[in-house]
2 protein chains.
Amino acid sequence: VGGELAAAALDSPLAARSAPLLQRLERSMSSVTIPPPACMLRPLEAPLRYLFGPGPSNVPPRVLAAGGRPIIGHLHPEMYEIMNDIKKGIQYAFQTENNMTISMSGSGHAAMECAVFNTVEPGESVLVAINGIWGERVAEIAERMGANVHRMVKTPGGYFTNKEIEQAMQKHKPVLFFLTHGESSAGLCHPIDGIGDICRKHDCLFLVDTVASLGAAPIFMDKQNIDILYTGSQKALNAPPGTAPISFNDRACHKMFNRKTKPVSYLFDMTHLSNYWGCDGKPARAYHHTGPVSGFFALRESLAILAERGLEESWRKHKEVAAYLYRGLEDLGIKLFIPERDLRLPSVTTIAIPKGYDWREMLAYIMKHHQMEMTGGLGPSIGMVMRIGLMGYNCEKSNADMALHALADALKNCRKSKA
Amino acid sequence: VGGELAAAALDSPLAARSAPLLQRLERSMSSVTIPPPACMLRPLEAPLRYLFGPGPSNVPPRVLAAGGRPIIGHLHPEMYEIMNDIKKGIQYAFQTENNMTISMSGSGHAAMECAVFNTVEPGESVLVAINGIWGERVAEIAERMGANVHRMVKTPGGYFTNKEIEQAMQKHKPVLFFLTHGESSAGLCHPIDGIGDICRKHDCLFLVDTVASLGAAPIFMDKQNIDILYTGSQKALNAPPGTAPISFNDRACHKMFNRKTKPVSYLFDMTHLSNYWGCDGKPARAYHHTGPVSGFFALRESLAILAERGLEESWRKHKEVAAYLYRGLEDLGIKLFIPERDLRLPSVTTIAIPKGYDWREMLAYIMKHHQMEMTGGLGPSIGMVMRIGLMGYNCEKSNADMALHALADALKNCRKSKA
């Protein structure tokens, strides 16, 4: 082969140079000139911290242990079994019998893009309900792939009546309607009942984001006629971020598997992902991409914990701890951002920024003195709210007490002078 | 709020139904009808297995432990420090000083799509060298986003001379040329020298896939004038799959940040990812997506191991163990698929399927009796080769001995009758 390679080199522009120069160049190319970085001699440092923001949430030891197990191949039969278990665990969590139920190898945004990329073709109409950041994101995603996007907008904390939704649907004739169930940027849990029926009446797919609400507030994919539902791993499910369950019903499958054009992403193409997850009825699963094996181990464990505990108990507990937190906040004189108790998202509580305080200063104080994350708003709710998340593993009254104690401490020590 | 919700319900098509029916419906919606899956009562089962295929590779205990640590928030200052360390670790591994160096929150395919989506606009010309599966994938990805794709094709194991590449470049005037450094489906390590110069001469960006080769075979991003380079976490780096380092030089940044159109993916848009990774010079990092915190912990640890060991030592070791494996294979009468020793990929060795044997049967035998993964071909090399990967942590003569022992056993027990 030496001869062939040399011939190749002679064909290149380098051939114009002298042979000794070429040799010197090859020598210089074979030596490392960028040294190993000194920072890598330090061990990994990550403090223990109370993750009482909107997620990621603290990961229970059982789930951490699952994620830290020695891996197997992404195409081994045992991995397929684990993926089959995950599928069943998602079906339970979503309350669906949909065969087309998988986990994305990515965060909630991967699920968002997967849903839009697969069910919408360029030029088609998409209706997006925006009452916080997530609708904004979906609108942007749909516009990038060439959809004709129509926005219904409310300020953070607002919600849409079924009548408003139906009127917008009549006007824009969308193939897809997006709504966020758990609007974590505003702390709102949006009513869902009846909307799926409106979508069917108008031949539109109903896409719902439950990243922040799944496991914390009831959702019934099949009974509520939701056509596409997704969530994230790192909220009430308490797995590390990096996987995102998603499910498509028959209506959604019919639309996405009868397209004229290919979805713009190969990685998120459900034709391939459905095969990888054994949902397409074919006897063999072909290599598509390498799934996050450790992430799937952790996701399976988190779904197992939810199945053992039961959805009803998980919903009850989130409601109970949230109510306990509301009382404590009111005792501190803090105003809840969502006045209607039934519309509050049980996993993420939003509070109005206390008058006379700088929210950034309060959050920094709580992080510094209590090793505790709470956060400000996100997207349109920045500067409007502070957010306290108690989800899944973190959803305990004792944690609510700690959060209230930290807030009380910040209220005492962060008041701005009136200068 | 009860009144408002009731009003919303009355606006919906359900309002046509009787109030008692509506109440019954609400009751039924609030009950779980899909029971928890029985499979979830079983604990997670994943056998210990020798991952001697083309990846994922076995993950060393240090990296598993890092990935199993309690997580912190994806936007905490300590996480930014970890991401900064990862950036420096990638710069070392890639031998580059590029500021625009990050990890994708996804597998190698996410890096592939990120590279193409950001540097190419619809209608632009892309030249793809295909001598195995990876070029096929990039061609498909580029076609989906609307590029004008030109393919140079060789059968698996073939490689391209610099003259062939330059001629195709003159003909098709691409804005991007793709080449796989470590073609794991064929076991070929493609020569790189001189190609970057040709690309500069023709005002084309040079994109190189080193998923299977990084850390195992020398690559010098800056000296070899590679404009965009990416790899995966689960090969010689020995982290679990799910993260993918990628780097862009100034030429690539100039092209991708002076586009007329937005990249089709919001999730993979480098405008946002560069901010998330602190590469855009802005004082604050905004929320874009939630990165895989545990995956980044593991990736940092794997890059730290590489930095401690040193690239030269890692390259030397892979070459040494591969040579040891070649001798053993030849002693068994097995024919190496790539005849030219210098073109063999040190991390993944391809062998011709022994005459008189069914490769599927041999692989199943080795898996069953030795708990060891070896694999067949992939894409165009299916039925042509069997593949043995000894990479990073697995790259030891003792492992080569075990692989050879398993192969000898399979050769003894899997011979087909001549009937």
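These numbers were taken from a predicted model, which means no experiment stands behind them.

Novice: Before we go on, may I ask you to explain the overall build of chain A in this structure?
Specialist: Check the secondary structure of chain A and you find 14 helices and 14 strands. Each principal axis of the C-alpha distribution contributes one length, and for chain A these read about 85 × 55 × 45 Å. Within chain A, the proportion of its 419 residues that are buried is 65%. Sequence separation of 24 or more characterises 71% of the internal contacts of chain A that already satisfy a separation of 6 or more. Carbon and sulfur atoms provide 54% of the accessible area of chain A, an area that totals close to 15000 Å². Charge-centre separation for chain A: the mean point of 45 positive side chains lies 5 Å from the mean point of 41 negative side chains.

Novice: What is the right way to read the relation of the copies chain B and chain A from this model?
Specialist: Mapping between the two copies of the chain is achieved by a rotation about an axis and a shift along the axis. Rotating chain B by 180° about the axis while translating it 0.0 Å along that axis superimposes it on chain A, leaving an RMSD of 0.0 Å. In the structure described here, the two chain copies are related by an operation that fits a two-fold rotation axis. Among all residues of chain B, the minimum C-alpha distance to the rotation axis is found for G68(B), at 2.2 Å. Residue by residue, 100% of the interface of chain B is reproduced at the interface of chain A, so both copies engage with the same surface.

Novice: What's the story with the sheet that holds strand β11 (residues 348-352) of chain B in this structure? I'm lost.
Specialist: The pairing of strands in a sheet comes from backbone hydrogen bonds and takes either a parallel or an antiparallel form. Residues and elements named next belong to chain B. The strand order β11-β14-β13 describes an open sheet built from 3 strands, whose pairing is antiparallel. A strand with exactly one partner marks an edge of an open sheet, and here the two such strands are β11 and β13 (375-376). Alignment of β11 against strand β14 (residues 385-389), held across 5 bridges, turns out to be antiparallel. Bridging across to β14, V348 finds its partner in G389.

Novice: Help me understand the packing of aromatic side chains in this model?
Specialist: By convention here, two paired aromatic rings are described through the distance between centres and the angle between planes. Residue and element names in this part refer to chain A. Taken as a whole and assessed by the stated rule, the structure comprises 13 aromatic pairs over all chains. When the centroid spacing of 5.9 Å and the interplanar angle of 15° are considered together, the rings of F177 and F206 count as stacked. In this pair, F177 is assigned in strand β5 (residues 176-180) and F206 in strand β8 (residues 205-209), connecting sequence segments 29 residues apart. Of the two residues examined, F177 and F206, each falls in the buried class. A ring pair is formed by Y276 and W277, whose centres lie 6.4 Å apart and whose planes are at 75°; its orientation type is edge-to-face. Residue Y276 shares its accessibility class with W277, and that shared class is buried. Members of the aromatic cluster, joined through ring pairs, are Y276, W277 and F296. Directly above the ring of Y326 sits R344, whose terminal nitrogen or CZ lies 4.6 Å from the centroid.

Novice: Help me out: how do you make sense of the UniProt feature "modified residue: N6-(pyridoxal phosphate)lysine" (unreviewed entry) in chain A in this one?
Specialist: Residue and element names in this part refer to chain A. Under the UniProt annotation, "modified residue: N6-(pyridoxal phosphate)lysine" (unreviewed entry) lies at K235. Among the secondary structure elements, K235 is positioned in the loop between β9 (228-230) and β10 (244-248). Setting aside residues up to four positions removed in sequence, K235 forms contacts with P54, G55, S57, V211, A212 and M391. Side-chain polar atoms of K235 contact the backbone oxygen of P54, separated by 2.7 Å.

Novice: So what exactly am I meant to see when it comes to the interface of chain B and chain A here?
Specialist: Put simply, an interface is often sized by how much accessible area is lost when its parts join up. Listed per partner, the contact involves 119 residues of chain B and 119 residues of chain A. Approximately 10000 Å² of surface area, both sides summed, lies buried where chain B meets chain A, with 64% of it carried by carbon and sulfur atoms. One can count 8 salt bridges joining chain B with chain A. The closest approach of N and O atoms between R42(B) and D85(A), which form a salt bridge, is 3.4 Å.

Novice: What exactly am I supposed to notice about unusual backbone geometry here?
Specialist: Excluding glycine, residues mostly carry a negative phi; peptide bonds, for their part, are mostly trans. In this structure, P56(A) follows G55(A) across a cis peptide bond, with omega equal to 0°. Assignment of secondary structure puts P56(A) in the loop between β1 (50-51) and α3 (61-67). Phi at Q95(A) is positive, roughly 55°, even though this residue is not glycine. Given the relative accessible area of 2%, Q95(A) is considered buried. Although it is not a glycine, N225(B) adopts a positive phi angle of roughly 50°.

Novice: Sorry, what's going on with the UniProt feature "binding site: substrate" (unreviewed entry) in chain A here?
Specialist: Residues and elements named next belong to chain A. On the UniProt side, "binding site: substrate" (unreviewed entry) is annotated at positions that read R387 here. Positionally, R387 belongs in strand β14 (residues 385-389). Among the polar contacts listed, one links the side chain of R387 to the backbone oxygen of S184, at a separation of 2.8 Å.

Novice: So what exactly am I meant to see when it comes to helix α14 (residues 397-413) of chain A here?
Specialist: The periodicity of an α-helix, 3.6 residues per turn, causes residues three or four positions apart to be oriented the same way. All names here are of chain A. Between the first and last C-alpha of α14 there are 24 Å, a value that for 17 residues agrees with the 24 Å anticipated at 1.5 Å per step. Among the residues of α14, N399, A400, A403, L404, A406, L407, A410 and L411 are the ones counted as buried. End-on view of α14: buried residues confined to an arc of 160°, all on one side of the axis. For α14, the exposed residues lying more than 90 degrees away from the buried face are H405 and K412. Elements that come into contact with the buried residues of α14 comprise α12 (311-331), β11 (348-352), α13 (359-370), β12 (372-373) and β14.

Novice: Would you take a moment to explain the nonpolar core for this structure?
Specialist: The tendency in soluble globular proteins is for nonpolar side chains to be buried as a group. Within the largest apolar cluster, 208 residues are counted, with the highest numbers of intra-cluster contacts made by F177(A) and F177(B). For F177(A), the residues in contact, after removing those within four places along its chain, are L127(A), A129(A), M152(A), I165(A), M169(A), I195(A), C199(A), C204(A), L205(A), F206(A) and L207(A).

Novice: Help me understand the environment of I353(B) in this model?
Specialist: Residues and elements named next belong to chain B. When you line up the elements, I353 lands in the loop between β11 and α13 (359-370). Taking the C-alpha atoms as reference points, I353 and L336, separated by 17 residues in sequence, lie 9.3 Å from one another. Sequence-distant contacts of I353, that is, excluding residues within four places in its chain, are made with W359, G383, M384, V385 and M386.

Novice: Can you help me understand the sheet that holds strand β5 (residues 176-180) of chain B in this one?
Specialist: All names here are of chain B. Across the sheet, 7 strands lie side by side as β2-β10-β9-β8-β5-β3-β4; this open sheet has mixed pairing. The sheet terminates laterally at β2 (100-104) and β4 (148-153), the two strands that pair on one side only. Neighbour-to-neighbour, the strand axes of the sheet open up by a mean angle of 15°, direction not taken into account. Where strand β9 (residues 228-230) and strand β10 (residues 244-248) come together, 3 bridges link them in antiparallel fashion. The partner of Y230 across the bridge, within β10, is I246. Each of β2, β9 and β10 touches helix α4 (residues 77-94); the most contacted strand, β2, lies at about 105° to it. Lying on the sheet, helix α6 (residues 133-144) is in contact with β3 (125-130), β4, β5, β8 (205-209) and β9; it crosses β3 at an angle near 160°.

Novice: Help me out: how do you make sense of the packing of helix α5 (residues 108-119) of chain B against α6(B) in this one?
Specialist: Geometrically, a packed helix pair is captured by the angle between its two axes and the distance between the axes. Residue and element names in this part refer to chain B. α6 packs onto α5 with a crossing angle of 45° between their chain directions and a minimal axis gap of 10 Å. Judged by the angle between their axes, α5 and α6 are oblique. For the crossing formed where α5 meets α6, the hand is right-handed. Residue-level contacts link H109, M112, E113, V116 and F117 of α5 to W134, R137, V138, I141 and A142 of α6. Considered class by class, the residues forming the contact of α5 with α6 number 7 nonpolar, 1 polar and 2 charged.

Novice: Got a minute to help me understand helix α6 (residues 133-144) of chain A in this structure?
Specialist: All names here are of chain A. Over its 12 residues, α6 extends 17 Å from the first C-alpha to the last, a length consistent with the 16 Å expected when each residue adds 1.5 Å. Taken residue by residue, α6 has I133, W134, G135, R137, V138, A139, E140, I141, A142 and R144 as its buried positions. G146 occupies a position one or two residues after α6 and carries a positive phi of about 95°.

What counts, and where the lines are drawn
Residues numbered from 1 in each chain as written. Chains lettered and ligands numbered in written order. Predicted model: local features only at pLDDT ≥ 70, side-chain atom pairs only at ≥ 80, totals over all residues. Heavy atoms only, no water. Helix = DSSP H or I, 4+ residues; strand = E, 2+ residues; numbered from the N terminus. Buried < 20%, exposed > 50% of the residue type's maximum accessible area, 1.4 Å probe, protein only. Contact = heavy atoms within 4.5 Å. Areas by Shrake-Rupley, 256 points an atom, 1.4 Å probe, with all protein chains shown as cover. Lys, Arg positive; Asp, Glu negative; His and termini not counted. Charge placed at Lys NZ, Arg CZ, Asp CG, Glu CD. Least-squares fit on C-alpha atoms with pLDDT ≥ 70 in both. Pairing = 2+ DSSP bridges. Phe/Tyr/Trp six-rings, centres within 6.5 Å; stacked < 30°, edge-to-face > 60°. Lys NZ or Arg CZ within 6 Å of the ring centre and 35° of its normal. UniProt positions renumbered as here; feature names shortened; annotations may be inferred. Polar contact = N/O pair within 3.5 Å; in protein donor to acceptor, adjacent residues only side chain to side chain. Buried area = accessible area lost by both parts, 1.4 Å probe. Salt bridge = Lys/Arg side-chain N within 4 Å of Asp/Glu carboxyl O. Expected span 1.5 Å × (residues − 1). Arc of directions from axis to C-beta. Core = buried A, V, L, I, M, F, W, Y, C linked by side-chain atoms within 4.5 Å. Axes fitted to C-alpha atoms, helices over the stretch in contact; angles between N-to-C directions. Parallel < 35°, antiparallel > 145°, perpendicular 65-115°, else oblique. Left-handed = near helix turned anticlockwise from the far one by under 90°. Nonpolar A, V, L, I, M, F, W, Y, C, P; charged D, E, K, R; others polar.

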